[in-house]
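One letter stands for each residue in the lines below.
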Amino acid sequence: MLKRVVVGVFLVIVLVLIGYTIMNPVDMGALEEYVPAAYATWVGLLPPVIAIVLALITKEVYSSLFIGAISGALIYSEFNLELALNTLFFNEEGGMLSKISDSFNAGILIFLVLLGILVALMNKAGGSAAFGKWATRHIKTRIGAQVATVILGMLIFIDDYFNCLTVGSVMRPVTDTHKVSRAKLAYIIDATAAPICIIAPISSWAAAVSSSVPPESGVNGFQVFIQTIPYNFYAILTLIMMFYMIFRRVDFGPMKKHELNAYKGDLFTSGQESADRMIEEQVSKKGKVVDLVVPVAFLIVICIFTMVYTGGFFSGVDFVTAFGDADASAALVLGGIITIVFTFFFYLLRDIITFDDFMKCIPEGFKAMVAPILVLTLAWTLSGMTGLLGAKFFVAAKVAGHAASLQSLLPAVIFLVALGLAFATGTSWGTFGILIPIVMGVFPSGEMMVISIASCLAGAVCGDHCSPISDTTIMASAGAQSNHINHVSTQLPYALTCAAVSCVTYIIAGFTKSPVISLPAGIVILLVVMIILEKMTGREPEEEAKK
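**Quick look at a nonpolar patch on the surface**
Now for step 1: Side chains of Phe 305, Tyr 309, Phe 313, Phe 314, Phe 319, Val 320, Leu 334 and Ile 338 sit close together on the surface and give an oily, nonpolar patch of about 700 Å² of accessible area.
Now for step 2: Elements represented by at least two residues in the nonpolar patch include exactly α16 (290–310), α17 (319–324) and α18 (328–349).
Now for step 3: Within the element layout of this structure, Phe 314 appears in the loop between α16 and α17.

**Notes on the nonpolar core**
Now for step 1: Counting residues in hydrophobic clusters, the biggest one holds 85 residues, and the most contacted among them are Leu 112, Leu 121, Leu 165, Tyr 347, Leu 376 and Met 475.
Now for step 2: The leading source of residues in this core is helix α6 (residues 103–125), at 14 residues.
Now for step 3: Those residues in contact with Met 475 that sit more than four places away from it in its chain are Ile 108, Leu 112, Tyr 161, Cys 164, Leu 165 and Leu 376.

**Topic: the packing of helix α25 (residues 471–480) against helix α26 (residues 484–512)**
Now for step 1: Remark: α25 packs on α26, axes separated minimally by 9 Å, with the N-to-C direction vectors making an angle of 115°. Classified by the interaxial angle, the pair formed by α25 and α26 is roughly perpendicular. Handedness of the crossing formed by α25 with α26: right-handed. Each of Thr 473, Ile 474, Ala 476 and Ser 477 in α25 lies in contact with α26, whose residues at this interface are His 484, His 487, Val 488 and Gln 491.
Now for step 2: Taken together, the residues that form the contact of α25 with α26 break down as 3 nonpolar, 5 polar and no charged.

**Remarks on helix α24 (residues 447–466)**
Now for step 1: Its 20 residues place the ends of α24 29 Å apart at the C-alpha level, agreeing with the 28 Å of an ideal helix rising 1.5 Å per residue.
Now for step 2: Most of α24 is tucked away, with 19 of its 20 residues classed as buried.

**Here we look at unusual backbone geometry**
Now for step 1: A positive phi angle is found at Lys 179, which is not glycine, with a value near 55°.
Now for step 2: Positive phi, normally seen in glycine, also occurs at Asp 351, with a value near 60°.

**Quick look at α26**
Now for step 1: With 29 residues, α26 ought to run about 42 Å at 1.5 Å a step, and its terminal C-alpha atoms sit 40 Å apart, in line with that.
Now for step 2: Taking the largest bend as the criterion, α26 deviates by roughly 35°, centred on Gln 491, and proline Pro 493 comes between one and four positions later.
Now for step 3: N-capping of α26 is provided by Asn 483, with a side-chain oxygen placed 3.1 Å from the backbone N of Ile 485.

**Quick look at the pattern of salt bridges**
When their charged atoms lie close together, side chains carrying opposite charge are able to pair.
Now for step 1: Across all of its chains, the model carries 8 salt bridges by this definition.
Now for step 2: Between Lys 184 and Asp 251 there is a salt bridge, and its shortest N-O distance comes to 3.2 Å. Here the residue Lys 184 occupies a position in helix α10 (residues 182–191), and Asp 251 occupies one in the loop between α14 (233–248) and α15 (254–263), the gap between them amounting to 67 residues.
Now for step 3: In this structure, Lys 367 engages Glu 364 in a salt bridge whose closest nitrogen and oxygen atoms are separated by 3.1 Å. Of this pair, Lys 367 and Glu 364 both sit in helix α19 (residues 355–368), separated by 3 residues, roughly a single helical turn.
Now for step 4: Taken together, the salt bridges that share partners define one network made up of Arg 142, Lys 184, Asp 251 and Glu 259.

**Considerations on the packing of aromatic side chains**
Now for step 1: A complete count under the given rule lists 16 aromatic pairs for this structure.
Now for step 2: Consider the rings of Phe 89 and Phe 90, whose centres lie 6.2 Å apart with planes at 50°: the pair is tilted.
Now for step 3: Consider the rings of Phe 252 and Tyr 494, whose centres lie 4.6 Å apart with planes at 55°: the pair is tilted. Linking Phe 252 in the loop between α14 and α15 with Tyr 494 in helix α26, this pair joins segments that are 242 residues apart in sequence.
Now for step 4: Take Phe 252: its relative accessible area is 6%, and that puts it in the buried class.
Now for step 5: Taken together, Tyr 231, Phe 233, Phe 415 and Tyr 506 form an aromatic cluster joined through their ring pairs.

**Brief notes about the side chain of Ser 98**
Now for step 1: Looking at the element boundaries, Ser 98 is found in helix α5 (residues 96–101).
Now for step 2: With relative accessibility at 17%, the residue Ser 98 sits in the buried group.
Now for step 3: Side-chain polar atoms of Ser 98 contact the backbone oxygen of Gly 95, separated by 2.8 Å.
Now for step 4: Once residues within four sequence positions are removed from consideration, Ser 98 is found in contact with Asn 91, Glu 92 and Glu 93.

Scoring rules and cut-offs
- Residues numbered from 1 in each chain as written.
- Predicted model: local features only at pLDDT ≥ 70, side-chain atom pairs only at ≥ 80, totals over all residues.
- Heavy atoms only, no water.
- Patch = residues over 30% accessible without salt bridge, like charges linked within 9 Å, V, L, I, M, F, W, Y side chains within 5 Å.
- Areas by Shrake-Rupley, 256 points an atom, 1.4 Å probe, with all protein chains shown as cover.
- Salt bridge = Lys/Arg side-chain N within 4 Å of Asp/Glu carboxyl O.
- Helix = DSSP H or I, 4+ residues; strand = E, 2+ residues; numbered from the N terminus.
- Core = buried A, V, L, I, M, F, W, Y, C linked by side-chain atoms within 4.5 Å.
- Buried < 20%, exposed > 50% of the residue type's maximum accessible area, 1.4 Å probe, protein only.
- Contact = heavy atoms within 4.5 Å.
- Axes fitted to C-alpha atoms, helices over the stretch in contact; angles between N-to-C directions.
- Parallel < 35°, antiparallel > 145°, perpendicular 65-115°, else oblique.
- Left-handed = near helix turned anticlockwise from the far one by under 90°.
- Nonpolar A, V, L, I, M, F, W, Y, C, P; charged D, E, K, R; others polar.
- Expected span 1.5 Å × (residues − 1).
- Bend = angle between axes of the 7 residues up to and from the residue.
- Polar contact = N/O pair within 3.5 Å; in protein donor to acceptor, adjacent residues only side chain to side chain.
- Phe/Tyr/Trp six-rings, centres within 6.5 Å; stacked < 30°, edge-to-face > 60°.

Here's what the structure looks like:
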């Protein structure tokens, strides 16, 4: 009965839109100066809110993202169905085709496929199985498995996409062996991706932040980034909180259910992804740990090389500047292709796969990445619709209109605004690209400028963590091969807990203007909160943690 009602309502809405479109035709050739009535108003934030609410209610991400994007297109077109469809798919500034054809986005999609192929190769060669057996002998506890995942995530600080997919591919067999839920693995991956990159001087994020500082300000963007590191409270506190939870065996919220189910052998609780079923037949028995370690290590080294190459290092530019100017998307594609070629010859010389095996891994790797590619495409389209509605300008105007009167409270306010903007748009880079110039307009120099920029970066990363339409969150789900909505719902309480502590810490920093005072204060507050949560939720039994 309910299904019939839903279908009936849907058909009525479609018929009404068709009728409205016929009665109000649009001249498609005269849209160059078109500005929707909802432009730069609060209405522009509705599409991502609709998508996020639907995703959390239905636990289904594809339809939620698509409905959110459609709602944005309808609002943009003022409910003219013809214009809405043209906007959704063909608009040159935010339509689906423009998002897919964007060189940066296309590069990320290609890198996803390349990494899927590499994982399939490592599985086929028996490297993943060999590493899993080695890790089982050397990593004896669940705590050890989680700590090893954290350490690997901290070591791969070049790029968050690269981090998410590589850490997941390498550590998934280890955490599976020790019955760590896929949701917990996805959280650890996500918490060691953007939070590490945003405090690592040599990373694609450092480059993005540096380029967001207006050239006319006369301020060195890279130096500002270095100065923000001790003030990036969310990133630092996230790492501390993660270690606390691992060593104290504390979980809360939906994550606790996932972890208790994992003890019983159910690593997914719900929504096992098809991507988890990689090549299992005819795996080489000759595979060794080196067959996983060498390709991953080569991928890391070659990606650093290609990043400085795209930044002009071999044309006379110094290393730091070259890394700052690197084209991360192009570099990852180059690095991925070179690594696959290297891995093929490496395995061929070791006589563990044949050319036929190699070719079979290509479509298998591609199929493994179909789900994250689809989610990314829909998320980018939704972000494009939000951009066409001028949501960022609405938020920027609100901040600029009140920033001057806030002064010492500005860092905390900027943190919350950046969190909300990144949550709604699914992009942290876009968030600090919008807010950093506004911050520097209020504080052109000095310690308050550094604190406020740091709060912007921290808020953007936090919003990234909370948002189901964030590309980094999607990548973490793909790396862990966890159901995406499971990852979002289990991570959200952790991210919001750390966000609340970070916000209070930024209030302290706004008044003290010193990381020596504010950072230790934030750590103490976080530890107090974690102790209270531990008392409320209890700890995992020690004997279970050792299984």
